[in-house]
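An overview of the molecular structure
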Amino acid sequence: MQTTSPKRPQLTREQAEQFHYLEVLKRTGPAGAEYLDPWDPLQDSFMIDGGAVVPDYRVAGDGEIGVLQRVVDVAVRDALASGRTDRIYIELGAGLYRGLVYVPALVVNGVNVPITLFAASDDPASTVITETIDAEMPAADYAQIFGDLFAQCHDTIKEIHDKICTRSGIITTANASVVRVENHGFQMKGLSVRNGYNADRVQPGRDDGPRNAAGQFTTGQHQAVAVLIAGADKVHLDHVHLSSYQDTLYFQGPAPAVTARSFYSHCYIEGDVDFIFGQTTAYFWECEIKSLGSRAQHTWVCAPSTNIRTPYGVVFQSCTFTHDNSDTALAGHFNLGRQWFEGVRCTPYGTSPIDGYACELGDISQFEGTQGTISVATLESVGKCAVLNCKIGAHINTVAPWANWNGGTFDPNGTYTPAPWSARFRPTLYSAQDFIDGLSHWAPMASLDFSEIDQNETFLAEFESKEISLK
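In short, a report on the structure. (Residues numbered from 1 in each chain as written. Predicted model: local features only at pLDDT ≥ 70, side-chain atom pairs only at ≥ 80, totals over all residues. Heavy atoms only, no water.)

Focus: the sheet that holds strand β6 (residues 95-98)
Through backbone hydrogen bonds, the strands of a sheet pair up, either in parallel or in antiparallel fashion. The parallel open sheet is built from 10 strands, whose spatial order is β4-β6-β11-β14-β17-β21-β24-β27-β33-β38. Edge positions in the sheet fall to β4 (62-65) and β38 (466-468), since each of these pairs with one other strand and no more. Shown here is a sheet whose adjacent strand axes are inclined to one another by a mean of 20°, direction ignored. Relative to the sheet, helix α4 (residues 67-82) contacts β4, β6 and β11 (127-131), its axis offset from that of β4 by approximately 70°. (Pairing = 2+ DSSP bridges. Helix = DSSP H or I, 4+ residues; strand = E, 2+ residues; numbered from the N terminus. Axes fitted to C-alpha atoms, helices over the stretch in contact; angles between N-to-C directions. Contact = heavy atoms within 4.5 Å.)

Here you go:
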């Protein structure tokens with residue numbers, strides 16, 4: 001068990017009790033003005049106890065591109081035509097399901113209709129949804145590759161595709177997912193989702209670049225999402241395996257500073273860079289979280305960008321943090337996470353070596369030359385995470401498991417290596433007090449007042465972590 005230290009704060013038992021899943025999941029809505037809406041995902045007998053259901057649709061995984069999306073499309077059309085408002089169950093036979101899957105918000109006669117995708121097999125590895133897509137994919141390529149898949153879909157699905165393929169330039173991380181969930185109350189059970197992208201895209205403006213021994217590019221952006229929760233609320237994944245490298249699981253808010261909730265039970269999630277991340281409240285219960293060191297020299301498990309007024313961000317309860325036994329993992333310097341300074345272009349933190357550098361409050365975050373602005377939304381994306389009763393492998397830095405955003409690093413012996421100043425730098429904010437103190441020289445000039453913020457609130461902490469050896 002770790003004792004409290006400046007770089008590894010611990011919750012008291014009383015504080016830890018406030019992270020019970022029913023407490024964390026009982027509210028939703030605008031940050032600071034959430035409303036009570038109790039949700040207990042562990043009361044769903046099918047998801048947790050294996051209670052029997054009769055599927056409305058069955059689909060076989062034969063490797064054909066788009067077969068699952070077509071069944072989702074039929075389910076949407078049938079519900080709208082019939083007026084049904086109860087949950088829709090789609091059973092996936094064992095096999096390979098190629099192609100993107102977009103599950104839209106489905107509203108019938110003013111009622112949100114939830115959809116469940118579940119595997120017929122008990123082995124998640126036998127039922128696999130897979131595609132290769134990354135954030136750097138040009139929108140024109142996206143339209144060419146996936147256009148036929150969505151061309152005949154209902155408008156609720158086709159509109160998602162059309163918004164992505166009509167973008168200017170690349171599709172960005174928020175559109176680079178194998179499975180995209182906009183459906184409130186969505187469930188997924190007993191299957192795997194894999195993004196096959198492996199840093200193999202030639203970066204814009206160059207014909208090639210440096211590669212590692214595995215043939216993967218060693219520079220450039222490699223965001224490739226397996227599952228994106230795109231603003232949906234009350235999403236539950238159980239016994240689901242998620243695989244990618246960077247940005248495996250993304251839980252996105254329905255709007256800035258508005259939270260939704262997702263719950264992950266008995267899941268397996270692997271990746272390397274910020275592979276569990278997002279703005280909303282996400283609860284992980286008895287999951288295995290594996291850091292992959294085969295490609296990256298450094299890994300961060302999570303990157304929350306929780307708004308400062310949202311009570312809860314990411315919570316790991318009774319999870320096991322494992323690694324792939326790579327040399328980089330065995331060096332023991334990986335991190336549990338870093339707080340995503342979402343959208344930052346210039347920072348009010350630190351001391352810039354740039355003559356005439358200025359960062360002011362503005363409507364958007366931007367930086368050019370020596371002058372820039374930062375928005376309130378970016379400034380208040382502080383990131384919150386609690387790790388409770390978890391087992392943590394030796395790949396995680398025991399001295400300083402939390403990292404700066406674009407800052408220096410600690411080695412396992414506690415030696416700090418500073419990084420060159422970055423216009424996107426922010427130090428680790430363990431508490432609201434750190435946030436307030438860090439901006440004390442700047443906030444008055446920006447006419448910002450954070451006096452209503454509880455200075456004692458904890459942003460990052462653990463409770464009764466257990467260090468384990470992995471073979």
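This is not the end of the story, as more comes after the structure.
Thoughts on the environment of Ile48
By the element assignment, Ile48 lies in helix α3 (residues 45-49). Residues Ile48 and Glu457, spaced 409 residues apart in sequence, show a C-alpha to C-alpha distance of 33 Å.

Details of the nonpolar core
Side chains of a nonpolar character, in soluble globular proteins, are inclined to be buried together. Residues Ile90, Tyr142, Phe284 and Phe316 are the most contacted members of the largest nonpolar core, which totals 113 residues. Among the elements that line this core, the one with the most residues is α4, at 7 residues. When residues no more than four places from it in sequence are discounted, the contact partners of Tyr142 are Leu100, Tyr102, Ile133, Met137, Gly147, Phe150, His161, Ile164, Cys165 and Ile171. Counting 16 residues, the second largest nonpolar core, distinct from the first, contains Val315, Ala386, Leu388 and Phe463. (Core = buried A, V, L, I, M, F, W, Y, C linked by side-chain atoms within 4.5 Å. Buried < 20%, exposed > 50% of the residue type's maximum accessible area, 1.4 Å probe, protein only.)

A few points about the pairing of strand β27 (residues 320-323)
Relative to β27, strand β24 (residues 288-291) runs parallel, the two being bridged by 4 bridges. In the sheet register, Ile289 faces β27, and the bridge partner there is Phe321. Sheet topology note: the β27/strand β33 (residues 391-393) ladder contains 2 bridges and is parallel. Across the sheet, the residue bridging to Thr320 is Lys391, located in β33.

A short note on α4
With 16 residues, α4 extends 23 Å between its outermost C-alpha atoms, agreeing within 8% with the 22 Å of an ideal straight helix rising 1.5 Å per residue. Residues of α4 that are buried: Val67, Leu68, Gln69, Val71, Val72, Asp73, Ala75, Val76 and Ala79. Directly after α4, the chain includes Gly83, whose backbone phi takes a positive value near 80°. (Expected span 1.5 Å × (residues − 1).)

Some thoughts on the layout of surface pockets
What the second largest pocket holds in volume is close to 470 Å³. Along the walls of the second largest pocket sit 27 residues, with Gln18, Phe19, Pro311, Tyr312 and Glu457 positioned nearest its centre. Listing elements by their share of the lining of the second largest pocket, those giving two or more residues are α2 (21-24), β26 (314-317), β32 (385-388) and β37 (460-463). Split by residue class, the lining of the second largest pocket holds 13 nonpolar, 8 polar and 6 charged. (1 Å grid on protein atoms, 1.4 Å probe; cavity = no way out; pocket = protein on both sides within 12 Å on 5 of 7 lines; lining within 4 Å. Points joined across faces, edges and corners; volume = space filled by probe spheres on them. Nonpolar A, V, L, I, M, F, W, Y, C, P; charged D, E, K, R; others polar.)

Overview of the side chain of His298
Considering the arrangement of structural elements, one finds His298 in the loop between β24 and β25 (300-304). In this structure the side chain of His298 is engaged in a polar contact, spanning 3.4 Å, whose partner is the backbone oxygen of His333. Among the polar contacts made by the side chain of His298, one reaches the side chain of Asn335 at a distance of 2.7 Å. Sequence-distant contacts of His298, defined by excluding residues within four places in its chain, comprise Val273, His333, Phe334 and Asn335. (Polar contact = N/O pair within 3.5 Å; in protein donor to acceptor, adjacent residues only side chain to side chain.)

Examining the sheet that holds strand β28 (residues 335-338)
On the basis of which strands lie adjacent, the open sheet formed by 8 strands has the order β7-β12-β15-β18-β22-β25-β28-β34 and parallel pairing. The open sheet has two edge strands, β7 (101-103) and β34 (402-403), and neither has a second partner. Alignment of strand β18 (residues 249-252) against strand β22 (residues 273-278), held across 3 bridges, turns out to be parallel. Looking across to β22, one finds that Tyr250 is bridged to Phe277.

So, the state of the cysteines
Taken as a whole and judged by the stated rule, the model has 0 disulfides. Here Cys302 is not cross-linked by a disulfide; its sulfur's nearest cysteine counterpart is in Cys385, at 3.8 Å. Cys302 gets classed as buried once you look at its relative accessible area, which sits at 0%. (Disulfide = S-S within 2.5 Å.)

Thoughts on the side chain of Asp233
Mapping Asp233 onto the fold places it in the loop between β15 (225-230) and β16 (235-238). Using a relative accessible area of 13% as the deciding quantity, one classes Asp233 as buried. A polar atom in the side chain of Asp233 sits 2.7 Å from the side chain of Arg261. Beyond its immediate chain neighbours, meaning those up to four positions away, Asp233 contacts Thr28, Asp37, His184, Gly185, Ala260 and Arg261.

Considerations on the packing of aromatic side chains
Counted by the stated rule, this structure contains 22 aromatic pairs. When the centroid spacing of 6.0 Å and the interplanar angle of 45° are considered together, the rings of Tyr21 and Phe263 count as tilted. Taken together, the residues span a long stretch of sequence, with Tyr21 in helix α2 and Phe263 in strand β20 (residues 261-265) at a distance of 242 residues. Both residues of the pair, Tyr21 and Phe263, belong to the buried class. Centroid distance Phe410 to Tyr416: 4.9 Å. Interplanar angle 55°. Geometry classified as tilted. Under the relative-accessibility criterion, Phe410 is labelled partly exposed at 22%. A network of ring pairs unites the aromatic residues Phe251, Tyr264, Phe284, Phe316 and Phe321 as a single cluster. Over the aromatic face of Trp300 sits the side chain of Arg338, whose NZ or CZ is 3.8 Å from the ring centroid. The ring of Phe341 is capped by Arg426, whose NZ or CZ atom sits 4.2 Å from the centre of that ring. (Phe/Tyr/Trp six-rings, centres within 6.5 Å; stacked < 30°, edge-to-face > 60°. Lys NZ or Arg CZ within 6 Å of the ring centre and 35° of its normal.)

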